Structure formats: structure tokens, C-alpha cells
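Listed below, chain by chain, are the residues.
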Amino acid sequence: MSKLLNNKAWKEICWQGVDERIYRIQSRIYKARKSGNIQKTHWLQNKLIHSADAKLSAVRLVTTLNRGKNTAGIDGARKLNDKEKMILARNLSLNGKAQPIRRVWIPKPGKTEKRPLGIPTVQDRAKQALAKLALEPEWEAIFEPNSYGFRPGRSTHDAIEAIFSCLHHGRPKLIYDADIRKCFDRINHDALINKLKTFPLMKNQIQAWLKAGVMESFAKRNKEQTTPTEMGTPQGGVISPLLANIAMHGLEEHLKDFVSNLKINPRPNAFGKEKKRQALGVIRYADDFVIIHENKEIMPLCIAEAKNWLIKMGLEISEEKSSIRDSRQGIKFLGFKITLVRKAKRYKVKIVPSKDNTKRFLEKIKNVIQKSKSCSAYQLIERLRPITLGWANYFRYCECGEVFNKLNDKIFRKLRAWVFRRDTRNGRRFVKEKYFPSNKTYTYDGRKHQNNWILNGKQKDKGGQIKENILPSISWVKSCKHVKILGSRSPFDGDNVYWAIRNLKYSNLPVRVKRLLKSQKGKCTICKKKFTVLDKMEVDHITPTFKGGKDRYDNLQLLHVQCHVNKTAADLKT
């Protein structure tokens, strides 16, 4: 495999072959750990991190595929050319060394406070990606079924559906909505390393990253500028979310074991350890989790036990952000409001977008419109469309119809005011027909809609041709049921049939990605390889827009990211 590094140029690498060989080893790691064969697991991980395929894939991830590829660490290095990428891949190894991270402060959504973001150097990001390729399949084999954050093949909607499953039995329950105080920043290093139980090479490298230190700006590498890190794993590192999940692993199983040994029954007719375990729900998404139980005596005991368990990892619950509530009062979790409501003499779970989230969404729409006074309607639609459809597609997996209709009316009023301010010389009927043409039929998500108040935009391209676009009503996005991932299933388990069906039917992919995935029968049109849940996909214009290509389905195709990069480079040359 070393010939791959020595003789190949970056653009000549067959990435499909690289990904397939990596996945084969990852699948073997998963199965070995699932069967409890630790020695074989570590042998396969060692083999993977020393392979040319893994080194190339790690470099590609942080220099080509990652959204933060242009963010510099303390050394100021940003973009790498193809030659520099190959040199980095050749020299990449887990050598037990790490450079300090650069800390920047970013605002929290909807809050005045800021959170620290730690940015490693490009070399350390590549090393972290290499380590993650080996560690992730091992831990995916043993992670708890109700852990959903930062895991491949799992999403926020799986977590919401898990809460629904705990509450839909028709009985009021208590819900403890817990928030861990500065989870990433306070993880105990020794406890984390002990929990990893990995081989020495990996252990030394992870210890080096945890103890690397922090610099507040670009550095001259003077020791006085570096602040030592005694605890926590920095947000912004490639491997940090995985390490945080490892730190939190075991909470669900520990609490279930705890309640099963209590002498208190969850309800009068529930006896035995299994019934006691089933009566408790623990659903975690990253550092946020909920505990669900119907017994008022058992719930405080579970909360106290959870706090004791977290202390061992150096963590504590933020009391001001955590609360215990009756399910009939409802809780806010991951942007949704989940409430138990009484209908027809029985209780029913109602899930809707939270008011805080809808308020922030409308505020964002308002700011975009206010900052676009000098833009054309086409440009305004280009700015608003990904915001409105992205928000609506996220919240479509709940009872969203009523909320969407109300929001649609408020957005329309803002757009109408923007339109009529633009043209005060012509009559309102003329202006209305220019921006909101009547008697038009629109097609969205396979459905036809007739609406006289849909914002239309036109613009000439470089070739002089007229391009048109519209701003779809968010009420066109229909509510649908999300199906939760089955138990402890993982993309590394090798069940390609299950994941192909799930990727097509139940994934949270955008509408046109799903449509193209179905029409292409799950295959990339360039490399002819099947898409997997681990693949990054992008929509490509067959005839580029700068050559006059239209933004229509007959001119769109779904490609692997690397296939898209190669095609775009070829298009720019011709």
C-alpha cells in the first residue's frame, strides 16, 4: 500500500477504492469489538492507522471535505495544494505529539454568552481524523442504543422519536431535562483515558491532544503564550465529539441497573427487574439528556444517581438550566416542544416547534429582508430559500401544519411590504403581478400548488439568458412520520440493505437529494458506486450554470463529494 503514497499524484487517487478498503477494515473492527475480541480489535486498529488509505482519507477529510478546511490553527496554515497534501499524508503518523490549539470565541445561537472553539493545526486535525477512523467503529459497537448526538446514521429526530416512544403509553410521566455544565471543557482526562482502554500508541496520542494547551491567537510558540489544559476536550477538534460521547457512555445502562435493584415498583402491577428497567427512559443527545419515569419516588433517586455518576467524569449538571417537569406541562428539547395532552379521554403526545425557535427563525428572516433593500427579488430568494426550507424540513417530523401556516402568513407580510417599498411609481396591481404573478401552478416535492402570492425572481446570467426562481411557501412542506433507528444499529454493521432503505426513506436529507437518490437508484452517476450512509453527497448541475445550465431536475445529478470536486475542476478547464 505504500506504493499508493510514493507513486500516485493526488488527483490520480481512486477515492472509491480507498473508501471501500477503509470500510472493510472498519467493519471488521466493529464485529471484533461486538464479539468481545479486544486483542483482534486493537490489531485491526493498528493496521488501519498505518495504512496508506487511512492516511490519505484523513488528509482529504480535513483539507477538502471539511467545511472548516480554511480555518487556521496557531501556525496560520490554511489551504494546502495537491503536492502539500501528499507530503502531509506521507508523513502522517500518531507519534504522541501535539501542537497547542488556537482558541476563538463564537456566540451561542439565541444567547448573549459565547462558547470557546479550539482549532488545531491542519496536521493535528489530520492525525485526529486518522485516529477517529480507527476508534469510531470500536465504540459504535458498544455505545448505548439511546445515545444519538455526533454518531453516524443517527439524528436529532431519532432522539425526539425515542422520547415519543417513552411517553406514548397514555400515562402522565415525570421528565427531568438535564443540561451538563460546560461538558466539553470539564471532562476529567484520567477518567476518559481509563475508559478508553486502548492500545499504547493511541493512548499516548490522545493524552498529547488533551494536554496540548491553548493559545488565544496566532502564536510564535513561546511557552508563556500557552495556557495548559488540565481538563476537557476542545470543541472544534475532529475527534472531540467522539471523546465526549465516550465520556458520557454508560450513563443509560448504569441508571437502568440502578432502578432494577430498587425495592420500589414503578407502578402497582409492574414487578421484576425487567419491568423496572423498561419503566425508565434515558435519552441523550451529546451533552443534553432527559430522564423519564412515572414514579415520583424513583425520579429523585435517579437524578441523584445520575449526578453521582457524572462526578466521576468530572462533570456536573447545570441546575439553572435543568428542571423536572410533568409531561403534561411539556419540555423543550432540540428545538421541539414535547407535551402530553388529553384528547378523547386519553393522553396523546404532541410535538411541535418550540416558540423560542420559531421566534428566532422569524427574527432571522426579518434581518435578511431588512439587509436586502437594494437586492433584486432573485437575490433575496437566493438568500431566503435555504433558510426557510432548511428550517421547515427540520421541523416537518412533528405536528407542524398549524405552525407552518401561521409562519407562512407572517413571512408573506414581510415580503409584501418589501415588494411595495421597491416600486412606488406604478400601481399596486402592476407591482403585485410583477413580483407575485397570478394564475401560476408550482410543483414542489411532487405536489402541484396554485398560489397567487408566491415571490418570483428573474435575473440574466452571463450568457444573457433569463433565470427564474421562486420562494416556496413553507406550508408546502408537509408533516411526515420519522422512523427511529432500530436499537443499536450502526453503519459499520455491514447490513447494506437496511441502510440503503433507511437512507432513501427515513434520512433527513433535503427533498431534492432524496428525489435524485431515488431516480439514480442509489448510485453516483460518475463512479457508478452505491451511496452509503457514511458518504457525503452533493447536488451537481450536469451543464454548469455558468455555461447556461438550468436549475431543473433534468439538469441535476447526485454525486460523491470527491466526484463533484473532480467534475467541477474539469468543467472549469473546458
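Residues numbered from 1 in each chain as written. Predicted model: local features only at pLDDT ≥ 70, side-chain atom pairs only at ≥ 80, totals over all residues. Heavy atoms only, no water.

Please clarify how the overall build of the protein should be interpreted in this entry.
Helix and strand content of the protein: 21 helices and 16 strands. Computed over the C-alpha atoms, the radius of gyration of the protein is 26 Å, within 12% of the 25 Å expected from 2.2 N^0.38 for a compact globule of 574 residues. The proportion of buried residues among the 574 residues of the protein is 50%. Surface accessibility of the protein: about 29100 Å² in total, with carbon and sulfur atoms responsible for 50%. The distance from the centre of the 116 positive side-chain charges to the centre of the 54 negative ones in the protein is 4 Å. (Helix = DSSP H or I, 4+ residues; strand = E, 2+ residues; numbered from the N terminus. Rg over C-alpha atoms; globule rule 2.2 N^0.38 Å. Buried < 20%, exposed > 50% of the residue type's maximum accessible area, 1.4 Å probe, protein only. Areas by Shrake-Rupley, 256 points an atom, 1.4 Å probe, with all protein chains shown as cover. Lys, Arg positive; Asp, Glu negative; His and termini not counted. Charge placed at Lys NZ, Arg CZ, Asp CG, Glu CD.)

How should I be thinking about helix 9 (residues 189–196) in this particular structure?
Residues that lie three or four places apart on an α-helix share one face, since the helix turns once every 3.6 residues. Along helix 9, the residues that are buried comprise His189, Ala191, Leu192, Ile193 and Leu196. Of the surrounding elements, those touching the buried residues of helix 9 are helix 6 (122–140), helix 10 (200–210) and helix 11 (240–248). Regarding helix 9, its N-cap is asparagine 188, as a side-chain oxygen of that residue lies 3.0 Å from the backbone nitrogen of aspartate 190 further along. Backbone geometry just after helix 9 places lysine 197 at a positive phi near 50°. (Contact = heavy atoms within 4.5 Å. Polar contact = N/O pair within 3.5 Å; in protein donor to acceptor, adjacent residues only side chain to side chain.)

Is there a simple way to explain the side chain of threonine 388 in this structure?
Mapped onto the elements, threonine 388 comes out in helix 16 (residues 377–394). Ignoring anything within four residues of it in the chain, the contact list for threonine 388 reads Phe361, Ile365, Ile411, Leu471 and Ile474.

Mind showing me how you'd approach the packing of aromatic side chains here?
One pass over the full model with this rule turns up 16 aromatic pairs. The interplanar angle of 40° and the centroid separation of 6.3 Å between the aromatic rings of tyrosine 444 and tryptophan 476 together place this pair among those described as tilted. On the criterion of sequence distance, the pair formed by tyrosine 444 in strand 11 (residues 441–444) and tryptophan 476 in the loop between strand 14 (466–470) and helix 19 (496–505) is long-range, its members being 32 residues apart. Neither residue differs from the other here; tyrosine 444 and tryptophan 476 are each classed as buried. Between the aromatic rings of tyrosine 498 and tryptophan 499, the centroid separation amounts to 5.2 Å while the plane-to-plane angle is 85°, which identifies the pairing as edge-to-face. Classification of tyrosine 498 by relative accessible area gives buried; the value is 18%. Every member of this aromatic cluster is reached through a ring pair, and the members are Phe336, Phe361, Trp391, Tyr394, Phe395 and Phe404. (Phe/Tyr/Trp six-rings, centres within 6.5 Å; stacked < 30°, edge-to-face > 60°.)

Before we go on, may I ask you to explain the domain arrangement of the protein in this structure?
The figure often quoted for interface size is the accessible area lost as the parts come together. Here the domain parsing of the protein yields domain 1 (3–142 + 202–213), domain 2 (144–188 + 231–353), domain 3 (355–476) and domain 4 (496–573). Averaged C-alpha coordinates put domain 2 and domain 3 at centres separated by 39 Å. On the domain 3 side, the residues contacting the 12 residues of domain 2 number 11 residues. Taken together, both faces of the contact between domain 2 and domain 3 bury some 990 Å²; the carbon and sulfur share is 57%. (Domains from an automatic or database assignment. Buried area = accessible area lost by both parts, 1.4 Å probe.)

Would you mind going over the packing of helix 6 against helix 10 with me for this structure?
Describing two packed helices takes the angle between their axes plus the distance from one axis to the other. At a minimum axis distance of 12 Å, the contact between helix 6 and helix 10 shows a crossing angle of 135°. Relative to helix 10, helix 6 is oriented oblique. In the crossing of helix 6 with helix 10, the sense of the turn from one axis to the other is left-handed. Contacts between helix 6 and helix 10 pair Asp124, Lys127, Gln128, Ala131, Ala134 and Leu135 from the former with Met202, Gln205, Ile206 and Trp209 from the latter. (Axes fitted to C-alpha atoms, helices over the stretch in contact; angles between N-to-C directions. Parallel < 35°, antiparallel > 145°, perpendicular 65-115°, else oblique. Left-handed = near helix turned anticlockwise from the far one by under 90°.)

What's the story with the pairing of strand 14 in this structure? I'm lost.
Along any regular strand, the residues point their side chains to alternate faces of the sheet. Inspection of the sheet shows strand 13 (residues 456–460) paired to strand 14 by five bridges, in the antiparallel sense. When the sheet's bridge partners are listed, asparagine 456 is paired in strand 14 with isoleucine 470. Here strand 13 hands over to strand 14 after five residues, with glycine 464 in that stretch at a positive phi of 90°. (Pairing = 2+ DSSP bridges.)

How should the confidence of the model for the protein be read in this particular structure?
Close reading of the predicted structure is inappropriate where its pLDDT is low. This prediction gives the protein a mean pLDDT of 88; 97% of its residues lie at or above 70. No element of the protein has a lower mean pLDDT than helix 1 (residues 2–7), which averages 62, and none a higher one than helix 3 (residues 38–49), which averages 96. (pLDDT = per-residue confidence, 0-100.)

Looking at this structure, I do not really get the packing of helix 12 (residues 251–260) against helix 14 (residues 298–311). What am I missing?
Their axes nearest at 10 Å, the elements helix 12 and helix 14 cross at an angle of 135°. The angle between helix 12 and helix 14 places the two elements in the oblique class. Between helix 12 and helix 14 lies a crossing whose hand is right-handed. For the pair helix 12 and helix 14, the contacting residues are Leu251, His254, Leu255, Phe258 and Val259 in the first and Ile298, Leu301, Cys302, Glu305, Ala306 and Trp309 in the second. Within the contact of helix 12 with helix 14, the residues separate by chemical class into nine nonpolar, one polar and one charged. (Nonpolar A, V, L, I, M, F, W, Y, C, P; charged D, E, K, R; others polar.)

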